[in-house]
2 protein chains.
Amino acid sequence: MNILFTSAGRRVELIKLFQEVQEVDRVIAVDIGNTAPTLYCADKGFVIPKEGSDNYLDVLLEICRKYNIHMIIPLFDLELPFLSKLKETFHKEGVVVLISSPHVIEICLDKLQTAKFFNEHQIPTPLTYTPEDFLSRDIQGFDGQFIVKPRFGSSGKGVNKCNTKEEINYFIRQDETYIIQEFIRGYEVTLDILCDFKGKCISIVPRKRLKVRGGEVERAVTIEAPNLLKITQEIVSKLNPVGPINIQCFITEQGPVFTEINPRFGGGYPLSYHAGADFPKMIVKMALGEKIAPRIGIYRRNLYMLRYDTAIYKGEDELIDQSCYL
Amino acid sequence: MNILFTSAGRRVELIKLFQEVQEVDRVIAVDIGNTAPTLYCADKGFVIPKEGSDNYLDVLLEICRKYNIHMIIPLFDLELPFLSKLKETFHKEGVVVLISSPHVIEICLDKLQTAKFFNEHQIPTPLTYTPEDFLSRDIQGFDGQFIVKPRFGSSGKGVNKCNTKEEINYFIRQDETYIIQEFIRGYEVTLDILCDFKGKCISIVPRKRLKVRGGEVERAVTIEAPNLLKITQEIVSKLNPVGPINIQCFITEQGPVFTEINPRFGGGYPLSYHAGADFPKMIVKMALGEKIAPRIGIYRRNLYMLRYDTAIYKGEDELIDQSCYL
């Protein structure tokens, strides 16, 4: 089986895990720039046009045909809406795109819709306001702190903690697509989840974030959390996503409060792999048509991931030629 | 020779480079928390009290005696003032601390003093104001953008770009230790520099930042820049620092504009190593009393560093016992 990763970026650890799966012949990585390290770790790397460009689909189809790709695994939020809508087109070519439906992608990528989804299903989530909402109401009991963040943001970009209404006003004047959320006191847990093609939950690993860098986890530890596994299965059954997703929540004194759903591999997934949740192997088996038995709760507890930088060094003449597909 | 790295954090690449130097027997890493990945890559790792704590010096001295340490290399801004003042104490014990004088550390860690230093020596630097300065003057020709940042900050934390006086006022009201600098348009170049114990410049590698994550370089490329090497030597001759330092500047249409001096190994130094500037080997030779011939301009041009995460995975029972020195 040949697998294509789009927006592969610096997900080298993840790509190596797929390369180790017995049934995988070749892993191809594509990115919009020729300095993405994955391009040099995959069996083959290509520079392709930006998501949504005129020739985005044509280039991807051409690579799929030329390299006999069986499955596409997207890794970047902004390309998910495009690839989700193209799922059928790829399917007709015999290519599985491991991605949720456009409806699910829409809910997850829009933090306002995410909050609505959680509320509709009685899943605890922070109080969430649009700027309009916030300005028109005389919000009672305003004694706490708020988080102001972009409605369609990712990797913690543009997230600001505010202590006063004045501060909130300052930020929402800058950008009307900000939302305002009550600040939640607690520690943050990410759940790495794998769902099958029918949206059934196969595996869940909860990991506590110990240190974050640039919006992504740097140090984390797997934890025992039976209650979280239960709620997560409930969320998944209501949402019906496909493939790897991750859900973020805060653990407070009153219980968990859910904040985000990322409908793709989370950046910190390698920890869950090392804790025994081998998503690459399960995904390959799924793509080959095998039925995978759920393994909820089967993972190693108290395993620490301690991350650091490593790099690939390349001379200018060794970089991938950008002109091929651009 | 045995070397001790303090605040070793996630500088695994750097520590491995020192482990490869022929004359190095053992590398010891210390940090304030037992989840620093370097603790598990060094030959020995210890958790020690925070810089400036009551028993900080005693613990460091005890480790130096017990493990026959020849040289201490500090890696974190906030501990530099303490270690710089303790240099003589360690020297009496036969331990070299690879660090500049307290005076140099003071200039580099305070962005206001850095700007003053550059101005005094006719080195181009951004216009820099204290909040007081900024508020009291009617700054003429205010049509550009400004950067508001903490006077004593590091790793890009708290840096904000402002378009209006109102925005600047917003930030300086939050924290009076902010400074205001004119925004410089250009690309950023970092210079990895090694100086000998007398402050003489031995090696310089200029590298252009292509991508930054959490304030640290993620992708970079070494560049040809004879003019920068010349100015850098001038700066070094005025400043008189010791050991590895790095200087940051922006390359504008009017030439380079210098912004920061970090009097320690820069996070992106491994690129300069791969470009042929072997600071670890030179530092070890220096510490052994050898005279090192300057190698200015000797480095590989157009070498790219493409960084990604890797990690150490440890069970809770495999973590270093924190109680030993705390």
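- Per an unreviewed UniProt entry, the recorded name for chain A is D-alanine--D-alanine ligase, and the organism is Neomoorella thermoacetica.

### Here's the deal with the packing of helix H8 (residues 165-174) of chain A against helix H8 (residues 165-174) of chain B
Next, step 1: The contact between H8(A) and H8(B) brings their axes to 12 Å, and the two run at 145°. Remark: the crossing between H8(A) and H8(B) carries left-handed chirality. The residues of H8(B) that touch H8(A), namely those facing A:Glu166, A:Glu167, A:Tyr170, A:Phe171, A:Arg173 and A:Gln174, are B:Glu166, B:Glu167, B:Tyr170, B:Phe171, B:Arg173 and B:Gln174.
Next, step 2: Among the residues making up the contact of H8(A) with H8(B), the classes are represented as four nonpolar, two polar and six charged.

### Regarding the packing of helix H5 (residues 102-109) of chain A against helix H6 (residues 111-120) of chain A
Residue and element names in this part refer to chain A.
Next, step 1: Their axes nearest at 5 Å, the elements H5 and H6 cross at an angle of 100°. Classified by the angle their axes make, H5 and H6 are roughly perpendicular. Where H5 approaches H6, its residues Glu-106, Ile-107, Cys-108 and Leu-109 are matched on the opposing element by Lys-111, Gln-113, Thr-114 and Phe-117.
Next, step 2: Residue composition of the contact of H5 with H6, by class: four nonpolar, two polar and two charged.

### With respect to the sheet that holds strand S6 (residues 128-129) of chain A
Strand pairs in the sheet, formed through backbone hydrogen bonds, run parallel or antiparallel to each other.
Residue and element names in this part refer to chain A.
Next, step 1: A sheet is described by the order of its strands in space; here four strands give the open sequence S6-S9-S7-S8, paired in antiparallel fashion. Strands at the two margins of the open sheet, each flanked by one partner only, are S6 and strand S8 (160-162).
Next, step 2: The pairing of strand S7 (residues 146-150) with strand S9 (residues 178-182) spans five bridges and is classified as antiparallel. The partner of Phe-146 across the bridge, within S9, is Glu-182.

### Some details on the relation of the copies chain A and chain B
Next, step 1: You can overlay chain A on chain B at an RMSD of 0.0 Å; the transform is a turn of 180° with a shift of 0.0 Å along its axis. With respect to symmetry, the two chain copies, as superposed, fit the operation of a two-fold axis.
Next, step 2: When you check the interface residues of chain A against chain B, 100% turn up at the interface there too, and the contact is symmetric in its surfaces.

### Some remarks on the packing of aromatic side chains
Next, step 1: For the structure shown, the criterion picks out 31 aromatic pairs over all chains.
Next, step 2: Their ring planes at 5° and their centres at 4.0 Å tell us that A:Tyr170 and B:Tyr170 sit as a pair that is stacked. Highlighted residues: A:Tyr170 in helix H8 and B:Tyr170 in helix H8, drawn from two different chains.
Next, step 3: Taken together through their ring pairs, the aromatic side chains of A:Phe5, A:Phe18, A:Phe265, A:Tyr269 and A:Phe279 make up a single cluster.
Next, step 4: B:Lys161 extends its terminal NZ or CZ atom over the ring of B:Phe183, reaching a point 4.3 Å from the ring centre.
Next, step 5: The ring of B:Tyr187 carries the charged tip of B:Lys208 above its face, separated from the ring centre by 4.2 Å.

### Considerations on the pairing of strand S1 (residues 2-6) of chain B
All names here are of chain B.
Next, step 1: A large share of S1 lies buried, amounting to five of its five residues.
Next, step 2: Residues of S1 alternate between two faces, with Asn-2, Leu-4 and Thr-6 on one and Ile-3 and Phe-5 on the opposite face, all of them buried.
Next, step 3: Across four bridges, S1 lies against strand S2 (residues 26-31) in parallel orientation. Along S2, the bridge assignment pairs Asn-2 with Arg-26.
Next, step 4: Crossover connection from S1 via helix H1 (residues 12-19) to parallel S2: handedness right-handed.
Next, step 5: Pairing geometry for S1 and strand S4 (residues 71-74), over four bridges, is parallel. If you follow Thr-6 over to S4, its bridge partner there is Pro-74.

### Things to note about the pairing of strand S12 (residues 216-222) of chain B
All names here are of chain B.
Next, step 1: Most of S12 is tucked away: seven of the seven residues are buried.
Next, step 2: Inspection of the sheet shows strand S11 (residues 201-213) paired to S12 by six bridges, in the antiparallel sense. If you follow Lys-211 over to S12, its bridge partner there is Arg-219.
Next, step 3: In this antiparallel pair of consecutive strands, S11 and S12, the connection spans two residues, and Gly-214 shows a positive phi of 55°.

### Some details on the interface of chain A and chain B
Next, step 1: Taken together, the 42 residues of chain A in the interface contact 42 residues of chain B.
Next, step 2: When the two sides are added together, the surface that chain A and chain B hide from each other amounts to roughly 4,100 Å², 53% of it contributed by carbon and sulfur.
Next, step 3: Considering only the surface of chain A that becomes buried against chain B, A:Leu306, A:Tyr308 and A:Tyr313 emerge as the three largest contributors, covering 21% of it.
Next, step 4: Linking chain A with chain B are 10 salt bridges, by the criterion used here.
Next, step 5: The shortest N-O distance in the salt bridge between A:Asp309 and B:Arg213 comes to 3.7 Å.
Next, step 6: Counting residues per element, the side of chain A that touches chain B draws most heavily on strand S15 (residues 303-315) of chain A, at 13 residues.
Next, step 7: Among the residues forming the side of chain A that touches chain B, the class breakdown is 17 nonpolar, eight polar and 17 charged.

### What about the domain arrangement of chain A?
Residue and element names in this part refer to chain A.
Next, step 1: Each assigned domain of chain A is listed with its residue range as follows: domain 1 (2-99 + 312-318), domain 2 (127-182) and domain 3 (185-306).
Next, step 2: Facing 23 residues of domain 1, the contacting portion of domain 3 comprises 22 residues.
Next, step 3: Summed over both partners, the interface of domain 1 with domain 3 comes to about 1,800 Å²; 72% of that surface belongs to carbon and sulfur atoms.
Next, step 4: Applying the counting rule to domain 1 against domain 3 returns three salt bridges.
Next, step 5: Across the salt bridge formed by Glu-216 and Arg-10, the nearest N and O atoms sit 3.6 Å from each other.
Next, step 6: At the junction of domain 1 and domain 3, the tally comes to three residue pairs in polar contact (both at pLDDT 80 or more).
Next, step 7: When residues of the side of domain 1 that touches domain 3 are traced back to their parent elements, those giving at least two are helix H1 (12-19) and strand S4 (71-74).
Next, step 8: It is H1 that provides the largest number of residues to the side of domain 1 that touches domain 3, a total of four residues.
Next, step 9: Each residue belonging to the side of domain 1 that touches domain 3 can be placed in one class, and the counts come to 15 nonpolar, one polar and seven charged.

### Section: the environment of A:Thr164
All names here are of chain A.
Next, step 1: Mapped onto the secondary structure, Thr-164 falls in the loop between S8 and H8.
Next, step 2: With relative accessibility at 32%, the residue Thr-164 sits in the partly exposed group.
Next, step 3: The sequence separation of Thr-164 and Glu-216 amounts to 52 residues, and the corresponding C-alpha distance is 27 Å.

Procedures and definitions
- Residues numbered from 1 in each chain as written.
- Chains lettered and ligands numbered in written order.
- Predicted model: local features only at pLDDT ≥ 70, side-chain atom pairs only at ≥ 80, totals over all residues.
- Heavy atoms only, no water.
- Axes fitted to C-alpha atoms, helices over the stretch in contact; angles between N-to-C directions.
- Helix = DSSP H or I, 4+ residues; strand = E, 2+ residues; numbered from the N terminus.
- Left-handed = near helix turned anticlockwise from the far one by under 90°.
- Contact = heavy atoms within 4.5 Å.
- Nonpolar A, V, L, I, M, F, W, Y, C, P; charged D, E, K, R; others polar.
- Parallel < 35°, antiparallel > 145°, perpendicular 65-115°, else oblique.
- Pairing = 2+ DSSP bridges.
- Least-squares fit on C-alpha atoms with pLDDT ≥ 70 in both.
- Phe/Tyr/Trp six-rings, centres within 6.5 Å; stacked < 30°, edge-to-face > 60°.
- Lys NZ or Arg CZ within 6 Å of the ring centre and 35° of its normal.
- Buried < 20%, exposed > 50% of the residue type's maximum accessible area, 1.4 Å probe, protein only.
- Right-handed = clockwise from strand over helix to strand, strands pointing away.
- Buried area = accessible area lost by both parts, 1.4 Å probe.
- Salt bridge = Lys/Arg side-chain N within 4 Å of Asp/Glu carboxyl O.
- Domains from an automatic or database assignment.
- Polar contact = N/O pair within 3.5 Å; in protein donor to acceptor, adjacent residues only side chain to side chain.

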